[in-house]
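Coordinate inspection notes
Below, each chain spelled out in residue letters.
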2 protein chains.
Amino acid sequence: MEYNYNLALIGFGNVNRTLAEIIQRDGNVLAQELGFTLRVTAITDLRFGSVVNPDGVDLDRALALGAGETFAVLDGGQETCNNQEIITSDAADIIVEATFTNPEDGQPALSHVRWGLESGKSVCTTNKGPAAFAARELSDLAAKNGVRFECEGAVMSGTPVLRLATGPMKGVGVRGFSGILNGTSNHVFTRMESGLSQGDAITEAQELGYAEADPTADIGGSDVRLKVTLLANELWGTELTTKDVPTQGITSITHEKIEEASAQGAHWKLIGQAQRDAAGNITASVGPQMLPSDHPLAGISGATNAVMFDTKYLGPVTISGPGAGREETAYALLSDIVAIDGFYRSQ
Amino acid sequence: MEYNYNLALIGFGNVNRTLAEIIQRDGNVLAQELGFTLRVTAITDLRFGSVVNPDGVDLDRALALGAGETFAVLDGGQETCNNQEIITSDAADIIVEATFTNPEDGQPALSHVRWGLESGKSVCTTNKGPAAFAARELSDLAAKNGVRFECEGAVMSGTPVLRLATGPMKGVGVRGFSGILNGTSNHVFTRMESGLSQGDAITEAQELGYAEADPTADIGGSDVRLKVTLLANELWGTELTTKDVPTQGITSITHEKIEEASAQGAHWKLIGQAQRDAAGNITASVGPQMLPSDHPLAGISGATNAVMFDTKYLGPVTISGPGAGREETAYALLSDIVAIDGFYRSQ
């Protein structure tokens, strides 16, 4: 049986634009493999305004808008952007949230997710805020409304970390995890091993597009802290907050320390980790660690990310893959939609 | 809602014995997490005979049988082992197959799986033979009978390779894979890097329990060939046979070649790989490859296994974990049962 889902794209930046391109380019191939078709029936964006079209938004035109143009030039479009109105309307079945998140409270992404779930729509997001600040509230809200909340892209873009742990590894007994969860800081360490200063390596990461213009969250560890909080809460159903995660960045790791490690075949890595003890208490932290060469995370270099799960039945299981990127993050949303589709089929 | 599944354990060697121990020891904890209980209602074994008990086989006694004892001492037990009769009877809901497999034709495991599916039971197996020789036949047979065939343990024991690719990575576009799929040969290379001769390293692998008494299948590549065939067929629904996979073992890799590689920071690995081109044609092979230090599989050492998937949307995604072991392989069966449970709930 073939299903069709109408999507509302909330935010039309790199990620949702790339998802729109994938739907345009690969939609037919994906429909054959996945058993469902996707149609974008609404888009909102602070810059472009909003557009609602039950027959499907003209994505070619939406993607080709020039400087200063807005969705007002499209059928069903207007200059203003009212996220709440469109998310809570019947314009779409699934809300695809890719705006931004304030590291202090998860907004505005958190409100977008709440509005969607409260109005009976499944929601997926690439933002860390919603699950980092309100994982249990949102999963309860989804359950109450008979819908799903998915956020695979919040950790390691489309590399399936959350769904690996909660899907194929169900029942394995995850006792803890350690991860390289920030591509910028990992790239900086890798390049320092080749002799670059930390400052030059950060500049290079910015030039390569890995680091933000303000790399504080990458270098200082707060980006990893959000991901550790989110991953722990998704894994164990806990209500950890970022305050529970003591965090140290990478600035204390000097060139001398990198050289000392290299002489032993070891590597410095910014590690985010959490463990759960037998009583269910969680201990989590973020900070630089020197890993011996045979550690499963020691060889993860450059912008690649990885998580090693420590499990009861399998011991360490490690997944590595991209941690960022336009297409990689757009795929995260597609994989969320696959999970939402699986949920609807199981009802 | 809580489900209960009655299991028939076919074969009572290390793996199914360990599964029985896990059910005894952890069954209550697992039931809470997984939402189903497990009861062993039948066991067959060439050595121990067979036992059928609708109220549950006395696992403590079954596990404690002394030398020369058979299941005849248990309620519902007898000295003889009739696999076909028990598999096709109504003694169980799920057939848990862990006997052995002939690398030429997949028997007797293949027959056990067929009998189970034909008689309307879901089947899981740790044997490579059934999916390597008859993946499509068995998945068609399962679909026709409204049941499932699962074999996660056939590749990398309980490390979820098959279900990672077909579950959380659905739609990602797997174009190919390269894997380290045999712990013995990988251990041998790792130890040769420490200066051991190949012969001594093989003896050590046997002493550690990684290698079979006859290590031909490990060292000669035929174990990896079966796994490559199986993985390709599961991923792409093809009907590749082992004859389609040119295979070379590790004996040609001398100590000199290992040293040459080490001098460049590179590592020799026995790689099983397959690629699918745009027309759907598969090219597969097994053989030693020298990997540069920054290759995702270069750092996989000792008995650890790993598969790197080359994907359209994510580029390389690598999973590594145990490739063998009693508890690790027993968990593979448990994860198969979780998948079977998910299937029944979605009906």
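A brief structural summary. All values derive from a computational prediction rather than experimental measurement.

Calculation criteria
Residues numbered from 1 in each chain as written. Chains lettered and ligands numbered in written order. Predicted model: local features only at pLDDT ≥ 70, side-chain atom pairs only at ≥ 80, totals over all residues. Heavy atoms only, no water. Helix = DSSP H or I, 4+ residues; strand = E, 2+ residues; numbered from the N terminus. Rg over C-alpha atoms; globule rule 2.2 N^0.38 Å. Buried < 20%, exposed > 50% of the residue type's maximum accessible area, 1.4 Å probe, protein only. Contact = heavy atoms within 4.5 Å. Areas by Shrake-Rupley, 256 points an atom, 1.4 Å probe, with all protein chains shown as cover. Lys, Arg positive; Asp, Glu negative; His and termini not counted. Charge placed at Lys NZ, Arg CZ, Asp CG, Glu CD. Pairing = 2+ DSSP bridges. Phe/Tyr/Trp six-rings, centres within 6.5 Å; stacked < 30°, edge-to-face > 60°. Polar contact = N/O pair within 3.5 Å; in protein donor to acceptor, adjacent residues only side chain to side chain. Axes fitted to C-alpha atoms, helices over the stretch in contact; angles between N-to-C directions. Least-squares fit on C-alpha atoms with pLDDT ≥ 70 in both. Parallel < 35°, antiparallel > 145°, perpendicular 65-115°, else oblique. Nonpolar A, V, L, I, M, F, W, Y, C, P; charged D, E, K, R; others polar. Salt bridge = Lys/Arg side-chain N within 4 Å of Asp/Glu carboxyl O.

What to know about the overall build of chain A
Of the regular secondary structure elements, chain A holds twelve helices and twelve strands. Taking 2.2 N^0.38 as the reference for a compact globule, 347 residues should give roughly 20 Å; the C-alpha atoms of chain A span a radius of gyration of 21 Å, in line with that estimate. Per-residue burial for chain A yields a buried fraction of 56% across its 347 residues. Taking the contacts inside chain A whose residues are at least 6 apart along the sequence as the reference set, 70% of them involve residues at least 24 apart. Roughly 13,700 Å² of accessible area belongs to chain A as shown, and the carbon and sulfur atoms make up 46% of that amount. Distance from the positive charge centre (24 side chains) to the negative charge centre (43 side chains) of chain A: 6 Å.

Some points on the environment of Gly 120 of chain B
Residue and element names in this part refer to chain B. With respect to the helices and strands, Gly 120 occurs in the loop between helix 4 (109–118) and strand 6 (122–125). For Gly 120, a relative accessible area of 38% gives the class partly exposed. With 164 residues separating them in the primary sequence, Gly 120 and Ala 284 have C-alpha atoms 34 Å apart. In this structure Gly 120 touches Asn 145 and Val 147, once residues within four positions along its chain are discounted.

Considerations on the pairing of strand 3 (residues 49–52) of chain B
Residue and element names in this part refer to chain B. In terms of strand pairing, strand 2 (residues 36–45) meets strand 3 through four bridges, oriented antiparallel. Within the sheet, the bridge partner assigned to Thr 44 lies in strand 3 and is Ser 50. In sequence, strand 2 turns back onto strand 3 through a hairpin of three residues. As paired elements, strand 3 and strand 4 (residues 77–78) share two bridges and run antiparallel to each other. Across the sheet, Ser 50 pairs through a bridge with Gln 78, a residue of strand 4.

Re the packing of aromatic side chains
In this structure the tally under the stated criterion is 18 aromatic pairs over all chains. Taken together, a centroid distance of 5.5 Å and an interplanar angle of 70 degrees make the contact between Tyr 5 of chain B and Phe 36 of chain B edge-to-face. With a gap of 31 residues between them, Tyr 5 of chain B in strand 1 (residues 3–10) and Phe 36 of chain B in strand 2 connect regions that are remote in the sequence. The pair formed by Tyr 5 of chain B and Phe 36 of chain B is uniform in burial state, with each residue classed as buried. Chaining the aromatic ring pairs together yields one cluster made of Tyr 3, Tyr 5, Phe 36, Phe 343 and Tyr 344 of chain A.

With respect to the pairing of strand 11 (residues 304–311) of chain B
All names here are of chain B. In terms of burial, strand 11 is a largely internal element, six of the eight residues being buried. Across six bridges, the pairing between strand 8 (residues 174–180) and strand 11 is antiparallel. Residue pairing across strands places Val 174 opposite Thr 311, the latter belonging to strand 11. Pairing geometry for strand 11 and strand 12 (residues 315–322), over eight bridges, is antiparallel. Of the residues in strand 12, the one forming a bridge with Thr 304 is Pro 322. Connecting strand 11 to the antiparallel partner strand 12 that follows it, the hairpin turn spans three residues.

Details of the environment of Thr 125 of chain B
Residue and element names in this part refer to chain B. Tracing the backbone shows Thr 125 in strand 6. On the basis of relative accessibility, which here comes to 0%, the residue Thr 125 falls in the buried class. Sequence separation of Thr 125 and Thr 254 is 129 residues, and the distance between their C-alpha atoms is 37 Å. If near-sequence neighbours (up to four positions away) are discounted, Thr 125 is found in contact with Glu 97, Val 113, Pro 130, Phe 149, Glu 150, Cys 151, Gly 153, Leu 333 and Asp 336. A polar contact of 2.7 Å, which involves the side chain of Thr 125, links it to the side chain of Glu 97.

Re the sheet that holds strand 12 of chain B
If you trace the ten strands from one edge of the open sheet to the other, you get 10(A)-9(A)-8(A)-11(A)-12(A)-12(B)-11(B)-8(B)-9(B)-10(B), paired in antiparallel fashion. This sheet does not close on itself; its edge strands, each paired only once, are strand 10 (282–291) of chain A together with strand 10 (282–291) of chain B. Averaged over all neighbouring strand pairs, the angle between strand axes comes to 15 degrees, with direction disregarded. Against the sheet, helix 7 (residues 183–193) of chain B engages strand 8, strand 9 (267–276), strand 10 and strand 11 of chain B, with an angle of about 145 degrees to strand 9 of chain B.

Looking at the relation of the copies chain B and chain A
Between the two copies, chain B and chain A, the superposition gives an RMSD of 0.0 Å; the rotation angle is 180 degrees and the shift along the axis is 0.0 Å. Between the two chains, the operation in question is that of a two-fold axis. Comparing contact sets, 100% of the residues at the interface of chain B also lie at the interface in chain A, consistent with an isologous, same-surface contact.

Describing the sheet that holds strand 6 of chain B
Backbone hydrogen bonds hold the strands of a sheet together, and the pairing may be parallel or antiparallel. Residue and element names in this part refer to chain B. In space, the seven strands of this open sheet follow the order 4-3-2-1-5-6-7, with mixed pairing throughout. The open sheet terminates on both sides in strands that have one partner only, identified here as strand 4 and strand 7 (149–150). The pairing of strand 1 with strand 2 spans eight bridges and is parallel. Residue pairing in the sheet places Tyr 5 in a bridge with Leu 38 of strand 2. Against the sheet, helix 12 (residues 326–345) makes contact with strand 1, strand 2, strand 5 (94–97), strand 6 and strand 7, and its axis sits at roughly 160 degrees relative to strand 6, the strand it touches most.

Notes on the packing of helix 4 of chain B against helix 5 (residues 129–144) of chain B
Residue and element names in this part refer to chain B. Where helix 4 contacts helix 5, the axes come no closer than 11 Å and their chain directions differ by 5 degrees. Comparing their axes, helix 5 and helix 4 come out roughly parallel. Counting all contacts with helix 4, which are made through Ala 109, Leu 110, Val 113, Arg 114, Leu 117 and Glu 118, the residues of helix 5 involved are Pro 130, Ala 134, Glu 137, Leu 138, Leu 141 and Ala 142. Taken together, the residues of the contact of helix 4 with helix 5 sort by class into nine nonpolar, no polar and three charged.

Some details on the pattern of salt bridges
All names here are of chain B. Enumeration according to the criterion identifies 30 salt bridges over all chains in this entry. Of the charged contacts, one joins Asp 336 and Arg 163 as a salt bridge, the two residues approaching to 2.9 Å between their closest N and O atoms. Separated by 173 residues along the polypeptide, Asp 336 in helix 12 and Arg 163 in helix 6 (residues 162–166) bring together distant segments of the chain. Across this residue pair, the class does not change: Asp 336 and Arg 163 are buried. One salt bridge in this structure joins Arg 345 and Asp 341, with 2.9 Å as the shortest N-O distance. Taken together, the residues Arg 345 and Asp 341, both in helix 12 and four residues apart, mark about one turn of the helix. Of the residues examined, Asp 341 reaches a relative accessible area of 4% and is grouped as buried.

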